[in-house]
Amino acid sequence: MSLLQIERLGIAFGGLRAVHDVSFSVEPGEIVSVIGPNGAGKTTLFNMISGVYRPGSGKVRLKGEDVTGMEPFLLAARGMSRTFQNLQIFQNMTVLENAMAGFHLQERGPVLADLLNLPSSRKRTRMAEEGARALLARVGLERAADREAGNLSYGSLKRLEIARALAMNPAVLLLDEPAAGCNAVETEEIDHLIAEVAKSGVAILLVEHDMKMVMRISNHVVVLDHGEKIAEGPPEAVSRNPAVIAAYLGTEAADADR
Amino acid sequence: MRLSSKHLTLIIMAALIVAAPFFFPSGYYFRVGALIFVNALAVTGIVILTGYAGQISLGHAGFAGIGGYACALAPVHWGLPPALAVVLGAAVSAALAYLVGRPILRLKGYYLGVASLGFGILVAMVLNNERELTKGPDGIEVADLGLRGLLKDWGLNLSNGEFWYAFTGLCLVIGAWIALNLFNSPSGRALRALHGSEIAAGTVGIDVARVKLQAFVISAVYASVAGSLTALQNKFVTPDIAGFMHSVEMVTMAVLGGVGSVPGAILGAGILTLLPQVLTVFAEYEQLILGLVMMLVMIFLREGLVPSILRKIRGRGE
């Protein structure tokens, strides 16, 4: 049984089939990448898996359980975590607090205890703070802990978002273009981080534009075009697939090649 | 570091409350001080709802009305001591906030603002029209809290003004302590997270609708207790306490001082309670000057007085 199983998932926005009949699965410790040209439906697919959109058809299974269309906060409790293409950072909080918020499911407790600052509440906060500091060290942000999150560089924010997602100790991690807008050094850092997380047994689903990164770290690649899966397999095989080349370069270019 | 800033805020507050009477030219200022403290208590609730959680309410005066009238009605009709009437009012307010907020807070956007506005108007209408019970627009008498008499028996003889100054000051310090506790707690972090990004809050497992409801209920209790204290202090309450203008006043005070900041709420309440007293000379221009002050703050100190000033000080320090 796969950790994350996508079965014939589809959605239409007023007649436009944004995603149609897409199936694949992700195993523990595996890095699966979804690639495809702009507008291929990658982010839409992601939003369906993570519960932001309700799929029009098909199923999402997490640890064998049907979680199709379940709200994100319920998916989080079942071990699914994600990052966003266009960062979703808590700008009104410090870097440390952002990472601590990732521990919500572990640190939450009776609100009355929090209002009265009871020892149980302080203990939960302390636990989250320790965990958050360890995670910030892991992504190289420990020195920025007390800064306002809004003041961080783009690459740092990307890592902060990954740290926050890891705080939940997820079984499945969805990363939406984690390297977008990052320079070569930052991309490599994120690269290493993702590989390390996968090694610890987390199933990783990645949407990424940076082909070099995809080819380097993925175990398995799923290619979307016009909302449909056109190819799937190990990175080397996919990169040689004529249908994939045609989708990326356009059919005319592929024809001209012949 | 955070912990000490919380304690520092509370210590400064308590010190100011204790020290201020030494500069009062007359006993009348105890009354003004108590008014400020009660307003600040209600505004502290707005800080939790709007400043922490990012939700807007335009009907919190409705909860103040419930708290106020609970103190007027419960002792007469059910023989409840006024102190328990405060608790009853808070419980009713919390329950109503839960019932009103539950369906609305599932929706995104400004539905809460509109619905709470309707709720506030509804409460004001009931208080105005149920003459049998509330005696209508002329208002109704409120029983004595009885605590001042008790203190007298124990040898602490305070004037009415002094007692209410001390008592509401104490309530405000407790209210601020609770709000500051919340800020840095797991529940408070969840509220601030949803303010920062509702979608990201969901992905870390925060049940957004549930924690919004928590903030709404907590802030309703603040407004209710403030309403009770107003009624008990005046020994009289009119439906104006639940009026739309009172709701707007609460939000204005919070925004002026800095809606994310507890000390800001208190400063905002202080300024907007004092201003009309100072401006009695220019009574005709009071609204004009208030409006001008608000506009200037929004243009030059958008985050409100306290956060903007703190930022300036810190910026200079670096």
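Residues numbered from 1 in each chain as written. Chains lettered and ligands numbered in written order. Predicted model: local features only at pLDDT ≥ 70, side-chain atom pairs only at ≥ 80, totals over all residues. Heavy atoms only, no water.

**As for the sheet that holds strand β4 (residues 57–62) of chain A**
Residue and element names in this part refer to chain A.
Link 1 in the chain: Spatially, the 4 strands line up as an open sheet ordered β2-β1-β4-β5, and their pairing is antiparallel. Strands at the two margins of the open sheet, each flanked by one partner only, are β2 (16–26) and β5 (65–66).
Link 2 in the chain: The pairing of β4 with β5 spans 2 bridges and is antiparallel. The residue of β5 that forms the bridge with Arg61 is Asp66.
Link 3 in the chain: Contacting β1 (4–13), β2 and β4, helix α1 (residues 42–49) runs over the sheet at an angle of about 115 degrees to β1. (Pairing = 2+ DSSP bridges. Helix = DSSP H or I, 4+ residues; strand = E, 2+ residues; numbered from the N terminus. Contact = heavy atoms within 4.5 Å. Axes fitted to C-alpha atoms, helices over the stretch in contact; angles between N-to-C directions.)

**Regarding the nonpolar core**
Link 1 in the chain: Of all hydrophobic cores here, the largest spans 102 residues; its most connected members are Ile48, Tyr52, Phe63, Leu191, Ile206, Val237 and Val262 of chain B.
Link 2 in the chain: Counting residues per element, this core draws most heavily on helix α2 (residues 28–52) of chain B, at 15 residues.
Link 3 in the chain: Excluding anything up to four places from it in sequence, Leu191 of chain B contacts Ile48, Tyr52, Ala53, Leu182, Val211 and Ala215 of chain B.
Link 4 in the chain: Within the second largest apolar cluster, 39 residues are counted, among which are Val139, Leu157, Leu173 and Ile204 of chain A. (Core = buried A, V, L, I, M, F, W, Y, C linked by side-chain atoms within 4.5 Å. Buried < 20%, exposed > 50% of the residue type's maximum accessible area, 1.4 Å probe, protein only.)

**A few points about the sheet that holds strand β7 (residues 172–176) of chain A**
Residue and element names in this part refer to chain A.
Link 1 in the chain: The sheet built from 6 strands is open, its strands ordered β6-β7-β8-β3-β9-β10 with mixed pairing. Every other strand in the sheet has two partners, leaving β6 (80–82) and β10 (228–233) as the edge strands with one partner each. The sheet shows a mean angle of 20 degrees between the axes of neighbouring strands, taken without regard to direction.
Link 2 in the chain: Set on the sheet, helix α7 (residues 154–167) makes contact with β6 and β7; between it and β7 the angle comes to about 160 degrees.

**A word on the interface of chain B and chain A**
Link 1 in the chain: With 29 residues of chain B at the contact, the number on the chain A side is 33 residues.
Link 2 in the chain: Buried area between chain B and chain A, both sides added, is near 2,600 Å², and the carbon and sulfur share of it is 61%.
Link 3 in the chain: Taken as a group, Arg189, Thr203 and Val204 of chain B account for 25% of the area that chain B buries against chain A, more than any other trio of residues on that side.
Link 4 in the chain: Across the contact surface, chain B and chain A share 2 salt bridges.
Link 5 in the chain: Our count for the contact surface shared by chain B and chain A stands at 8 residue pairs in polar contact (both at pLDDT 80 or more). (Buried area = accessible area lost by both parts, 1.4 Å probe. Salt bridge = Lys/Arg side-chain N within 4 Å of Asp/Glu carboxyl O. Polar contact = N/O pair within 3.5 Å; in protein donor to acceptor, adjacent residues only side chain to side chain.)

**What to know about the packing of helix α6 (residues 119–138) of chain A against α7 of chain A**
When two helices pack together, their arrangement is captured by the angle between the axes and the distance separating the axes.
Residue and element names in this part refer to chain A.
Link 1 in the chain: In the contact formed by α6 and α7, the axes pass within 9 Å of each other and the chain directions differ by 135 degrees. Considering their axes alone, α6 and α7 lie oblique with respect to each other. The two elements α6 and α7 cross, and the hand of that crossing is right-handed. Residues Leu135, Leu136 and Arg138 of α6 form the contact with α7, whose participating residues are Leu160, Ala163, Leu166 and Ala167.
Link 2 in the chain: Looking at the contact of α6 with α7 residue by residue, the class counts come to 6 nonpolar, no polar and 1 charged. (Parallel < 35°, antiparallel > 145°, perpendicular 65-115°, else oblique. Left-handed = near helix turned anticlockwise from the far one by under 90°. Nonpolar A, V, L, I, M, F, W, Y, C, P; charged D, E, K, R; others polar.)

**Describing the packing of aromatic side chains**
Residues and elements named next belong to chain B.
Link 1 in the chain: Under the definition given, this model contains 13 aromatic pairs over all chains.
Link 2 in the chain: Between Phe37 and Tyr165, the aromatic rings sit 5.1 Å apart at their centres with planes inclined by 55 degrees, giving tilted as the arrangement. Of this pair, Phe37 sits in helix α2 while Tyr165 sits in helix α8 (residues 160–183), placing them 128 residues apart in sequence.
Link 3 in the chain: Judged by its relative accessible area of 9%, Phe37 falls in the buried class.
Link 4 in the chain: Exposure remark for Tyr165: the relative accessible area of 5% places this residue in the buried category.
Link 5 in the chain: On the numbers, 5.2 Å between centres and 75 degrees between planes, the contact of Phe163 with Trp164 is edge-to-face. (Phe/Tyr/Trp six-rings, centres within 6.5 Å; stacked < 30°, edge-to-face > 60°.)

**A word on helix α4 (residues 82–104) of chain B**
Link 1 in the chain: Between its first and last C-alpha, α4 of chain B extends 33 Å over 23 residues, near the 33 Å set by a 1.5 Å rise per residue.
Link 2 in the chain: Among the residues of α4 of chain B, Pro82, Ala85, Val86, Gly89, Ala90, Ser93, Ala94, Ala97, Val100, Gly101 and Ile104 of chain B are the ones counted as buried. (Expected span 1.5 Å × (residues − 1).)

**Structural notes on empty space enclosed by the protein**
Link 1 in the chain: Summed over all chains, the structure comprises 3 cavities of 30 Å³ or more.
Link 2 in the chain: Computed from the structure, the largest cavity encloses a volume of approximately 50 Å³.
Link 3 in the chain: Taken together, Ser50, Pro72, Leu75, Ala76, Met80, Ser81 and Arg82 of chain A together with Thr203 of chain B make up the full set of residues lining the largest cavity.
Link 4 in the chain: Looking at the lining of the largest cavity, the elements with two or more residues in it are α2 (72–77) and β6 of chain A. (1 Å grid on protein atoms, 1.4 Å probe; cavity = no way out; pocket = protein on both sides within 12 Å on 5 of 7 lines; lining within 4 Å. Points joined across faces, edges and corners; volume = space filled by probe spheres on them.)

**Describing unusual backbone geometry**
Residue and element names in this part refer to chain A.
Link 1 in the chain: Phi at Arg8 is positive, roughly 50 degrees, even though this residue is not glycine.
Link 2 in the chain: The phi dihedral of Lys63 falls on the positive side, at around 50 degrees, and the residue is not glycine.
Link 3 in the chain: Tracing the sequence through the fold places Lys63 in the loop between β4 and β5.

**A few points about the pattern of salt bridges**
Link 1 in the chain: The full count for this structure, using the stated rule, is 16 salt bridges over all chains.
Link 2 in the chain: The salt bridge partner of Arg216 of chain A is Asp191 of chain A, with a shortest N-O separation of 2.9 Å. Placement of the pair is Arg216 of chain A in helix α9 (residues 211–217) and Asp191 of chain A in helix α8 (residues 184–199), with a sequence separation of 25 residues.
Link 3 in the chain: For the salt bridge of Asp144 of chain B with Lys235 of chain B, the shortest nitrogen-to-oxygen distance reads 3.2 Å. Taken together, the positions of Asp144 of chain B in the loop between β1 (140–141) and α7 (147–153) and Lys235 of chain B in the loop between α11 (208–234) and β2 (236–237) put the pair 91 residues apart, joining distant regions of the chain.
Link 4 in the chain: Residue Asp144 of chain B is classed as partly exposed on the basis of its relative accessible area, which comes to 40%.
Link 5 in the chain: With relative accessibility at 31%, the residue Lys235 of chain B sits in the partly exposed group.

**Some points on the domain arrangement of chain A**
Residue and element names in this part refer to chain A.
Link 1 in the chain: Taken domain by domain, chain A comprises domain 1 (1–79 + 170–258) and domain 2 (94–167).
Link 2 in the chain: Computed from C-alpha coordinates alone, the two centres of domain 1 and domain 2 are separated by 28 Å.
Link 3 in the chain: Around 1,100 Å² of area is buried between domain 1 and domain 2 when both sides are counted, 70% of it from carbon and sulfur atoms.
Link 4 in the chain: At the boundary of domain 1 and domain 2, one finds 2 salt bridges.
Link 5 in the chain: Close ionic contact of Glu196 with Arg138 constitutes a salt bridge, the shortest N to O distance being 3.6 Å.
Link 6 in the chain: Here domain 1 is connected to domain 2 by 1 residue pair in polar contact (both at pLDDT 80 or more).
Link 7 in the chain: Mapped by element, the contributors of at least two residues to the side of domain 1 that touches domain 2 are α2, β7 and α8. (Domains from an automatic or database assignment.)

**Here's the deal with the layout of surface pockets**
It is the rolling of a water-molecule-sized probe over the atoms that shows where space remains empty.
Residue and element names in this part refer to chain B.
Link 1 in the chain: Considered as a void within the structure, the second largest pocket measures approximately 820 Å³ in volume.
Link 2 in the chain: Lining the second largest pocket are 33 residues, with Asn39, Met245, His246, Glu249 and Met253 positioned closest to its centre.
Link 3 in the chain: Contributions of two or more residues to the lining of the second largest pocket are made by α2, α11, β2, α12 (244–257), α13 (262–278) and α14 (286–300).
Link 4 in the chain: Considering every element that reaches the lining of the second largest pocket, the biggest residue donor is α12, with 7 residues.

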